[in-house]
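Working through the structure, step by step
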Amino acid sequence: DDDGVLIVGGRGGVRKLVQMDACPSMLHRDDAITAEINNNNNINDMNENKTKICETYKLAASPDERTPLPFPDATFDLVVSSMSFHWVNDLPRLLTEIERVLKPDGCLLFALPGGNTLPELRSSLVLAELERTGGVSTHVGPYVDLSNVGSLLTGTGFRLPTIDIDDISIGYPNAMVLMEHLARMGEGNACASRKERVGLGTFLGGACLY
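Note that the structure is predicted; figures quoted are calculated from it, not measured.

Our focus in this paragraph is the layout of surface pockets. Taken as a whole, the second largest pocket holds about 430 Å³ of empty space. Around the second largest pocket, the lining is made up of 20 residues, and of these His139, Met179, Gly188, Asn189 and Val198 lie nearest the centre. Of all the secondary structure elements, the ones that give two or more residues to the lining of the second largest pocket are helix H4 (119–133) and helix H6 (175–184). Of all the elements, H6 adds the most residues to the lining of the second largest pocket, at three residues.

Before going further, it helps to spend a moment on unusual backbone geometry. Glycine aside, residues mostly have negative phi angles, and peptide bonds mostly take the trans form. Phi angles above zero are rare outside glycine, and alanine 74 is one such case at about 55 degrees. Along the polypeptide, alanine 74 turns up in the loop between strand E4 (55–60) and strand E5 (76–82). Residue leucine 160 is not a glycine yet carries a positive backbone phi of 55 degrees. Inspection of the secondary structure puts leucine 160 in the loop between helix H5 (149–155) and H6.

With that settled, the discussion passes to the packing of aromatic side chains. Counted according to the given criterion, the structure contains two aromatic pairs. Ring geometry for phenylalanine 71 against phenylalanine 76: centres 4.9 Å apart, planes inclined by 80 degrees, an arrangement best described as edge-to-face. Overall, the relative accessible area of 15% leaves phenylalanine 71 in the buried class. On the numbers, 5.0 Å between centres and 40 degrees between planes, the contact of phenylalanine 85 with phenylalanine 110 is tilted. Remark: phenylalanine 110 occurs in strand E6 (residues 102–111) and phenylalanine 85 occurs in the loop between E5 and helix H3 (91–101); sequence separation between them is 25 residues. By relative accessible area, which is 4% here, phenylalanine 85 ends up buried.

What follows deals with the pattern of salt bridges. All chains considered together, the criterion is met by nine salt bridges. A salt bridge links aspartate 30 to arginine 29; the nearest nitrogen and oxygen atoms lie 3.1 Å apart. Residue class for aspartate 30 comes out partly exposed when judged on its relative accessible area of 31%. When the shortest N-O distance is used, the salt bridge between arginine 184 and glutamate 180 registers 3.1 Å. A residue pair is termed a helical-turn pair when its members lie 3 or 4 positions apart in one helix, as arginine 184 and glutamate 180 do in helix H6 at four residues. Residues joined in a network through salt bridges with shared partners are Asp73, Glu97 and Arg100.

Turning next to the packing of H6 against helix H7 (residues 200–209). Remark: H6 packs on H7, axes separated minimally by 9 Å, with the N-to-C direction vectors making an angle of 110 degrees. With respect to their mutual orientation, H6 and H7 come out roughly perpendicular. Contacts from Ala175, Met176 and Met179 of H6 reach H7 at Phe203, Leu204 and Ala207. Of the residues in the contact of H6 with H7, the class split is six nonpolar, no polar and no charged.

The next thing to look at is the nonpolar core. Core analysis: the largest hydrophobic core is formed by 16 residues, its most contacted members being Phe85, Leu95, Ile98, Leu102, Leu108 and Phe158. If you list the elements that add at least two residues to this core, you get E5, H3, E6 and H5. Top contributing element to this core by residue count: H3, with four residues. With near-sequence residues (within four places) excluded, leucine 108 lies in contact with Val79, Phe85, Leu95, Ile98, Leu102, Leu153 and Phe158. Counting residues in each nonpolar core, the second largest holds seven residues, with Leu118, Leu125, Tyr143 and Leu178 among its members.

If you roll a probe as big as a water molecule over the atoms, it shows you where there is empty space left. Tallied over the entire structure, the rule returns one cavity of 30 Å³ or more. Mapped by element, the contributors of at least two residues to the lining of the largest cavity are H3 and H5. For the lining of the largest cavity, the element with the most residues is H5, which contributes three residues. Residue classes in the lining of the largest cavity are distributed as eight nonpolar, no polar and no charged.

Cut-off values and rules
Residues numbered from 1 in each chain as written. Predicted model: local features only at pLDDT ≥ 70, side-chain atom pairs only at ≥ 80, totals over all residues. Heavy atoms only, no water. 1 Å grid on protein atoms, 1.4 Å probe; cavity = no way out; pocket = protein on both sides within 12 Å on 5 of 7 lines; lining within 4 Å. Points joined across faces, edges and corners; volume = space filled by probe spheres on them. Helix = DSSP H or I, 4+ residues; strand = E, 2+ residues; numbered from the N terminus. Phe/Tyr/Trp six-rings, centres within 6.5 Å; stacked < 30°, edge-to-face > 60°. Buried < 20%, exposed > 50% of the residue type's maximum accessible area, 1.4 Å probe, protein only. Salt bridge = Lys/Arg side-chain N within 4 Å of Asp/Glu carboxyl O. Axes fitted to C-alpha atoms, helices over the stretch in contact; angles between N-to-C directions. Parallel < 35°, antiparallel > 145°, perpendicular 65-115°, else oblique. Contact = heavy atoms within 4.5 Å. Nonpolar A, V, L, I, M, F, W, Y, C, P; charged D, E, K, R; others polar. Core = buried A, V, L, I, M, F, W, Y, C linked by side-chain atoms within 4.5 Å.

This is the structure:
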């Protein structure tokens, strides 16, 4: 029951929220907007008996993935991650750390792009590069194969994993627009062994095949 409760930043029983990101600019991206909203709240409409129920803390994560999460064992009831696990190099290590900081019967809820993401762009670039250079390199991803997620979770100590797969089709008029959107989202190729640049012939060939 939310009657008599001032909802600030969340509801549904969430009383303390810890936000973590390895990128400080992303972590504090909306600070100005949040401050403006809080300053514009009409205090006169707030019941003096209402209580703030969601305290929010922001903590910059270490860029070194070998660093343990800075929390004691069994700290959190819930850990949420949205579209970030595919950027982690050592995912089993991170999942083990998350399992450590979760309370018994705690919940991990996450979403990530699957291994079959962007199949048309991937195949177009592979065929174009194979034709022009005689070899193949990584241009998209990498993404986790969803068939391995269940075993990955059970292998790192999680019980009763539940996996839902949503196939979302988004049409683009051409490969140029798609690549621009990926670049603006910061979802470029993250492989350390990737080529520094794609040749013009490969790029145009892939765009034509797409």
